[in-house]
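Coordinates in review
Each chain, written out:
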Amino acid sequence: MTNTMQNPKDTVEKTRDRQSPDQQSPRNNRRRRRILLVSVVGIALLGLLALVLAGGVFNQAPTGESEHSMTAVQIIPLIILVVMFVVATKWPLNIGVMGLVASFGVGYFMLGMDDKEILADFPANIVITIIGVTYFFSMAQRNGTIDIIVQTCVRLVRGKTMLLPWVFFLMAAALTSLGTFSPAAVALLAPAAIGLAYESRIHPVLMGAFIINGAHAGGFSPLSVAGVLVHDIAVKNGFPISQGSLFVASFAINFILSALTVVLFGLLGKLRDGEGIHADLETPALGRPHGQQIFTLALIGALLVCALGFHMPIGFVALSAGLLLAFVNIKEHKTFIGGVSWSTVLLVAGMITYVSLLQHVGVIDTLAEQALALGAPLLVALVLCYVIGVGSAFASSTALLTAFIPLAGPLLASSSLSASGTVAALAIAATVVDVSPFSTDGALVVANAREDDRQRVYKQLMMYAGGVVLAAPALAWVLLVPTGIM
């Protein structure tokens, strides 16, 4: 019996020993990271040197040689922005913190601004929204209310396993439409969803794609942070959009993408995972909601009424609901505070602050003018969709949204393109590619796969993400920009 139990492990070890390229890849990755680090440090030092020694250049007026040429005061902040994206892609550093530091460097040393001027466009309303929503929903998750909602929905499809992906699609959409962040919704649902996928022999990549698509389907609702963020950026740049249309467009395209995913997996013969082994999934029967959970459900209902019915600011409403819930469980209040997504607060605040400085020095307007020089506005919109889509597969979608949506302003001003349709296409192109295992959502799917199946899931999710990166931006552009449907 002992030998029988040890043989599989020995086989696994021998298999790993044969995989010399995989063993060498960490060394290659370290070398690449060192080279990239040296490059980034070199660029950063050059930028700092320029900040200190080239002050005279920054005070010169534009020469006017070319209508669309960029000055030094515009080029250097743009280079810093690119460096920030590269660094944030390769290392687990918060690009928002880099954005705030860069705002100080550019604003204080290059533009001679004081702290009040640097923070003039600090997005206080969005910060309150992020804090309030994550504060409240961290409580709802900790007291088991989210688990009750998940288990109730799963019980509705007993015996109809192919409906499970759609159930989790709708649950993820419901969570994000209420204000939960996409990674948070995926983190809440992925353990149960991937476990059920193995038990029902549904391909785990298919289930993971449905969770992520569902999270993005509801991710631009008027209650969500992303929806508020995109709307506020659009309004600030002079092209207000319909929040309802943005939500409907996002839901529809992610629904279509999920349906196409089913067709793709069906054509490949992978709807049922032939390599899957039935795994024991612990799904303990939950009793009836207790007092605190009933109270939480009531607060979620009140949140919807106040935000949708009376158009009250979702951030303050969520904070108020969270405070009421905290009084019910004062002993755990410190853990609730820890549930606030401070990393996202920093990301959004830092990026918006820095992009505002880029607008102040005319970077956004100049880039937009150069893009418009390509000719047809439809072509420009398609290029922007692909650039933001490919970039988001490796970097923060939220950060790219704050940087790219302002570029649509001059494009919309000089053409007859629909503001809502163009912005929706950009927003959707930036988020649907988060199925990439390099993104938080995709990484969560891989992390919840069985340990012995994780490498296979990673590779197949990578292939699926590549198809999404190629097709999804074009799909969003075709349905929303030329049609003028919004």
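Residues numbered from 1 in each chain as written. Predicted model: local features only at pLDDT ≥ 70, side-chain atom pairs only at ≥ 80, totals over all residues. Heavy atoms only, no water.

What follows deals with the overall build of the chain. The helix and strand tally for the chain stands at 24 helices and zero strands. Within the chain, the fraction of its 486 residues that count as buried is 47%. Taking all contacts inside the chain whose residues are at least 6 apart in sequence as the whole, residues at least 24 apart take part in 80%. Split by element, the accessible area of the chain, about 23,400 Å² in all, is 65% carbon and sulfur. (Helix = DSSP H or I, 4+ residues; strand = E, 2+ residues; numbered from the N terminus. Buried < 20%, exposed > 50% of the residue type's maximum accessible area, 1.4 Å probe, protein only. Contact = heavy atoms within 4.5 Å. Areas by Shrake-Rupley, 256 points an atom, 1.4 Å probe, with all protein chains shown as cover.)

Moving on, we get to the pattern of salt bridges. A complete count under the given rule lists three salt bridges for this structure. Here Arg450 and Asp452 are joined by a salt bridge, their closest N and O atoms 3.0 Å apart. The salt bridge partner of Asp453 is Arg456, with a shortest N-O separation of 2.5 Å. Arg456 sits in the buried class, given a relative accessible area of 14%. (Salt bridge = Lys/Arg side-chain N within 4 Å of Asp/Glu carboxyl O.)

To continue, consider the nonpolar core. Grouped together as the largest cluster of nonpolar side chains are 136 residues, with contacts concentrated most on Phe136, Phe168, Met207 and Val230. Sequence-distant contacts of Phe136, that is, excluding residues within four places in its chain, are made with Thr296, Leu299, Ile300, Leu303, Ala318, Ala321, Gly322 and Leu325. (Core = buried A, V, L, I, M, F, W, Y, C linked by side-chain atoms within 4.5 Å.)

Turning our attention to the packing of aromatic side chains. Describing an aromatic ring pair means giving the distance of the ring centres and the angle of the ring planes. For the coordinates displayed, the defined rule picks out 12 aromatic pairs. When the centroid spacing of 6.4 Å and the interplanar angle of 70° are considered together, the rings of Phe169 and Phe210 count as edge-to-face. In this pair, Phe169 is assigned in helix α9 (residues 164-177) and Phe210 in helix α11 (residues 204-217), connecting sequence segments 41 residues apart. Three or more aromatic residues joined by ring pairs form one cluster here, namely Trp166, Phe169, Phe210, Phe247, Phe251 and Phe255. (Phe/Tyr/Trp six-rings, centres within 6.5 Å; stacked < 30°, edge-to-face > 60°.)

Glancing now at the packing of α11 against helix α24 (residues 454-480). Viewed as axis vectors pointing N to C, α11 and α24 meet at an angle of 55°, and their least axial separation amounts to 10 Å. The angle between α11 and α24 falls in the class oblique. Crossing angle aside, the handedness with which α11 passes α24 is right-handed. Here Pro204, Val205, Ala209 and Asn213 of α11 come into contact with α24, specifically with Arg456, Val457, Gln460, Leu461 and Tyr464. Tallied by class, the residues present in the contact of α11 with α24 amount to six nonpolar, two polar and one charged. (Axes fitted to C-alpha atoms, helices over the stretch in contact; angles between N-to-C directions. Parallel < 35°, antiparallel > 145°, perpendicular 65-115°, else oblique. Left-handed = near helix turned anticlockwise from the far one by under 90°. Nonpolar A, V, L, I, M, F, W, Y, C, P; charged D, E, K, R; others polar.)

A cluster of nonpolar side chains, contributed by Ile256, Leu260, Val478 and Leu479, occupies part of the molecular surface with about 290 Å² of accessible area. Counting only elements with at least two residues in the nonpolar patch, the list comes to α13 (243-267) and α24. By the element assignment, Leu260 lies in helix α13. (Patch = residues over 30% accessible without salt bridge, like charges linked within 9 Å, V, L, I, M, F, W, Y side chains within 5 Å.)

For α11, spanning 14 residues, the distance from its first C-alpha to its last is 20 Å, which sits close to the expected 20 Å at 1.5 Å a residue. Counted residue by residue, α11 has 14 buried out of 14 residues, so it is predominantly covered. (Expected span 1.5 Å × (residues − 1).)

Right, let's get into the packing of helix α7 (residues 124-142) against helix α17 (residues 342-360). Direction vectors running N to C along α7 and α17 enclose 170°, while the axes themselves pass 9 Å from each other. As judged from the angle between their axes, α7 and α17 are roughly antiparallel. Across from Ile126, Val127, Ile130 and Ile131 in α7, the residues of α17 making contact are Trp342, Thr344, Val345, Val348, Ala349 and Ile352. Looking at side-chain class alone, the contact of α7 with α17 contains nine nonpolar, one polar and no charged residues.

Attention now moves to the confidence of the model for the chain. Averaged over the chain, the pLDDT score is 77; the fraction of residues at 70 or greater is 80%. Considering only residues more than four positions removed or in separate chains, one finds that residues 43-66, a stretch of pLDDT under 50, has 14 contacts. Taken as a whole, residues 275-284 scores under 50 in pLDDT and shows 16 contacts with residues more than four places along the chain or in a different chain. (pLDDT = per-residue confidence, 0-100.)

Tracing the sequence through the fold places Ser138 in helix α7. Side-chain polar atoms of Ser138 contact the backbone oxygen of Tyr135, separated by 2.8 Å. Residue contacts for Ser138: discarding those within four places in its chain leaves Phe336 and Gly339. (Polar contact = N/O pair within 3.5 Å; in protein donor to acceptor, adjacent residues only side chain to side chain.)

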